[in-house]
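Examining the three-dimensional arrangement
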Amino acid sequence: MRNRSWQFWVLIMGGSAVLVFFLNQRCPDVLDDGDNRMRLIYLVCLIALVGGGMFARLRYDMNRTLAQLAIWVAIFAGLILVYSFRGEFSMLGDRFSAELMPLDGRADGERIMSYPVAGNGHYMVRAQADGVDLAFTIDTGATDVVLTPAAAERLGYDLAQLNFSQIAETANGIVRGAPIVISEFRLGNIVVQDLPATVNEVAMSDSLLGMEFLRRLKSWRVEGERMTLEQ
């Protein structure tokens, strides 16, 4: 058996040479390029070595070799399946992530985000204001985008330097606010430039996304227990 092994490898290499010659005759323009030609020779030799090794092992241990071959075929088939349905798997991943992290919402299309209702009955979201992650409660009854003092400090504002010149009447009485502008406000795949906001003078439980933001959108709606925002 060993005496014939060299004959087997000679046959493999001879077949590879014939394959390279055949491809060169069929595709002369492509193989005129030296890089393409060397790449082809490398790939054919690699296939010959791997394939030859598999067939050589098949001669000695057929059952084990076939089992290993079946495993590799299943792996490649799985990779092809994942690649073919990469869009669907991506959407499934987005939905799974949205359930685990509801404040991050779910992208339901280009410039469309949706959020589930929170346990307190409100719609809470996580946004980026000038690159800083901040949590907000969507409040359709609020006129402005209102930041807590702590959120303003995270954005780099010195509360002592702000001008609390705006007066508003709330359920908790009259409060003062300082006007600012958020250069870039991102909510998932929704992006708003130069968004006016107000920094509340006293502490609040949450920052609020009011109508100043919602009216920048194409539409917003509540269906069941989910709010959908579309830009």
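Coordinates for the structure precede this section.
Below, the structure is looked at part by part.

The rules we used
- Residues numbered from 1 in each chain as written.
- Predicted model: local features only at pLDDT ≥ 70, side-chain atom pairs only at ≥ 80, totals over all residues.
- Heavy atoms only, no water.
- Helix = DSSP H or I, 4+ residues; strand = E, 2+ residues; numbered from the N terminus.
- Buried < 20%, exposed > 50% of the residue type's maximum accessible area, 1.4 Å probe, protein only.
- Contact = heavy atoms within 4.5 Å.
- Areas by Shrake-Rupley, 256 points an atom, 1.4 Å probe, with all protein chains shown as cover.
- Core = buried A, V, L, I, M, F, W, Y, C linked by side-chain atoms within 4.5 Å.
- Pairing = 2+ DSSP bridges.
- Phe/Tyr/Trp six-rings, centres within 6.5 Å; stacked < 30°, edge-to-face > 60°.
- Axes fitted to C-alpha atoms, helices over the stretch in contact; angles between N-to-C directions.
- Salt bridge = Lys/Arg side-chain N within 4 Å of Asp/Glu carboxyl O.

1. A short note on the overall build of the protein
Counting secondary structure elements, the protein contains seven helices and 11 strands. Within the protein, the proportion of its 231 residues that are buried is 28%. Nonlocal contacts in the protein, meaning residues at least 24 apart in sequence, comprise 52% of its contacts between residues at least 6 apart. Only carbon and sulfur atoms are counted for the fraction: they give 59% of the accessible area of the protein, which is about 15200 Å².

2. So, the nonpolar core
Core analysis: the biggest nonpolar cluster contains 33 residues, and Phe136, Phe185, Leu187, Leu209, Phe213 and Leu229 have the highest contact counts within it. Listing elements by their share of this core, those giving two or more residues are strand E2 (112-116), strand E3 (123-129), strand E4 (132-138), helix H6 (149-154), strand E7 (173-187), strand E8 (190-200), helix H7 (211-214) and strand E11 (226-230). Residues within four places of Phe136 in sequence aside, it is in contact with Tyr123, Met124, Val125, Ala127, Val145, Leu147, Phe185, Ser207, Leu208 and Leu209.

3. Digging into the pairing of E2
A large share of E2 lies buried, amounting to four of its five residues. As paired elements, strand E1 (residues 106-109) and E2 share three bridges and run antiparallel to each other. Looking across to E2, one finds that Ala107 is bridged to Met113. The turn linking E1 back onto E2 is made up of two residues, and Arg111 within it adopts a positive phi angle of 60°. The pairing of E2 with E11 spans five bridges and is antiparallel.

4. Description of the packing of aromatic side chains
What characterises a pair of aromatic rings is the spacing of the ring centres plus the angle enclosed by the ring planes. All chains considered together, the criterion is met by two aromatic pairs. Relative to Phe185, the ring of Phe136 has its centre 5.5 Å away and its plane inclined at 75°; by these criteria the two rings are edge-to-face. With Phe136 in strand E4 and Phe185 in strand E7, this pair connects stretches of sequence that are 49 residues apart. Accessibility assignment for this pair places Phe136 and Phe185 in one class, buried. Within the aromatic cluster, the residues linked to one another by ring pairs are Phe136, Phe185 and Phe213.

5. Let's talk about the sheet that holds E11
Strand order in the open sheet made by the four strands is E1-E2-E11-E10, with antiparallel pairing throughout. Of all the strands in the sheet, just E1 and strand E10 (219-223) have a single pairing partner and so form its edges. In this sheet, adjacent strand axes meet at a mean angle of 25° when their direction is disregarded.

6. A closer look at the pattern of salt bridges
In this structure the tally under the stated criterion is eight salt bridges. Across the pair Arg126 and Asp104 runs a salt bridge whose closest N-O atoms are separated by 2.8 Å. Placement of the pair is Arg126 in strand E3 and Asp104 in the loop between helix H5 (86-100) and E1, with a sequence separation of 22 residues. Among the residues examined, Asp104 registers a relative accessible area of 27% and is labelled partly exposed. A network of salt bridges, in which partner residues are shared, links Glu212, Arg215 and Arg216.

7. What to know about unusual backbone geometry
Here the phi dihedral of Arg111 falls at roughly 60°; this positive angle occurs in a residue that is not glycine. For Arg111, the location among the structural elements is in the loop between E1 and E2. The phi dihedral of Asp130 falls on the positive side, at around 50°, and the residue is not glycine. Of note, Asp130 is situated in the loop between E3 and E4.

8. Concerning the side chain of Thr137
As for its placement among the helices and strands, Thr137 is situated in strand E4. You can call Thr137 buried: its relative accessible area is 7%. Aside from chain neighbours lying at most four places away, what touches Thr137 is His122, Tyr123, Met124, Asp206, Ser207, Leu208 and Leu209.

9. Digging into the side chain of Thr198
Position of Thr198 among the secondary structure elements: in strand E8. Sequence-distant contacts of Thr198, that is, excluding residues within four places in its chain, are made with Asp144, Val145, Val146, Leu147, Gln166, Gly177 and Ala178.

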